[in-house]
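Chain and residue survey
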Amino acid sequence: QSGAIQLDVAPELLSEGMRLQLHAFTKQGAIDEFRAHAQRLAGIHAKAGVGAPAGAMLVSCLGRGRYLYGEPNVETAALAAAYASDVPVAGFFAGGEIGPVGYRSYTHSFTSSLALFRPRERAACSEFTCETFRLYYSEDTLSPQTRHLA
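What this report covers is the structure whose coordinates are included nearby.

Cut-offs and rules
Residues numbered from 1 in each chain as written. Predicted model: local features only at pLDDT ≥ 70, side-chain atom pairs only at ≥ 80, totals over all residues. Heavy atoms only, no water. Helix = DSSP H or I, 4+ residues; strand = E, 2+ residues; numbered from the N terminus. Buried < 20%, exposed > 50% of the residue type's maximum accessible area, 1.4 Å probe, protein only. Contact = heavy atoms within 4.5 Å. Areas by Shrake-Rupley, 256 points an atom, 1.4 Å probe, with all protein chains shown as cover. Pairing = 2+ DSSP bridges.

Turning to the overall build of the protein, a few remarks are in order. Looking only at helices and strands, one finds 3 helices and 8 strands in the protein. Buried positions account for 33% of the 150 residues belonging to the protein. In the protein, once contacts between residues fewer than 6 apart in sequence are set aside, the share between residues at least 24 apart is 70%. Accessible area of the protein: about 9800 Å², with a carbon and sulfur share of 55%.

This is the structure:
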């Protein structure tokens, strides 16, 4: 009723006039975003002729998985569907995921981080054998669930 917003953030990370980005986190939005990223990567790999990865590492927030989707293995099934292949996945749930925003790393919440592994001769880019994507919203990839405050 007061119009106030409470933020659970370390005060040293905030400054006057700073632009904040808030997200409405939903079960459907989370899986839609995961599927879109997995399908985009699978398309890139198919076009490059490298096929499905040899394996993957998935680190997800404790707030995802069975607690968010109501059943296990939703994100790993989405990865397998994108590649039309049973990609071996190892991973764990975490209480905060570390990942980049621009050129700096931050601790995130309610995200999944995925690393894809393949033999060097099958890498889409010969310099890398591990390709990653982060599942969070950024300013240049706004979704309907994202809102900005001035």
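Having put the structure on the table, let's press on.
This brings us to unusual backbone geometry. At Asn73, a residue that is not glycine, the phi angle is positive and equals roughly 65 degrees. For Asn73, the position within the fold is in the loop between helix H2 (66-69) and helix H3 (74-83). By relative accessible area, Asn73 is classed as exposed at 56%. Even without being glycine, Ala84 reaches a positive phi, approximately 50 degrees. Relative to the elements of secondary structure, Ala84 occurs in the loop between H3 and strand S3 (89-94).

The subject of this paragraph is the pairing of strand S6 (residues 112-117). With 5 of 6 residues buried, S6 is to be regarded as a mostly interior element. Pairing between strand S2 (residues 55-61) and S6: 6 bridges, direction antiparallel. The residue of S6 that forms the bridge with Met57 is Ala115.

Let us look at the environment of Gly63. In this structure, Gly63 sits in the loop between S2 and H2. A C-alpha to C-alpha distance of 9.8 Å links Gly63 and Gly96, two positions 33 residues apart in sequence. Residue contacts for Gly63: discarding those within four places in its chain leaves Leu68 and Phe110.

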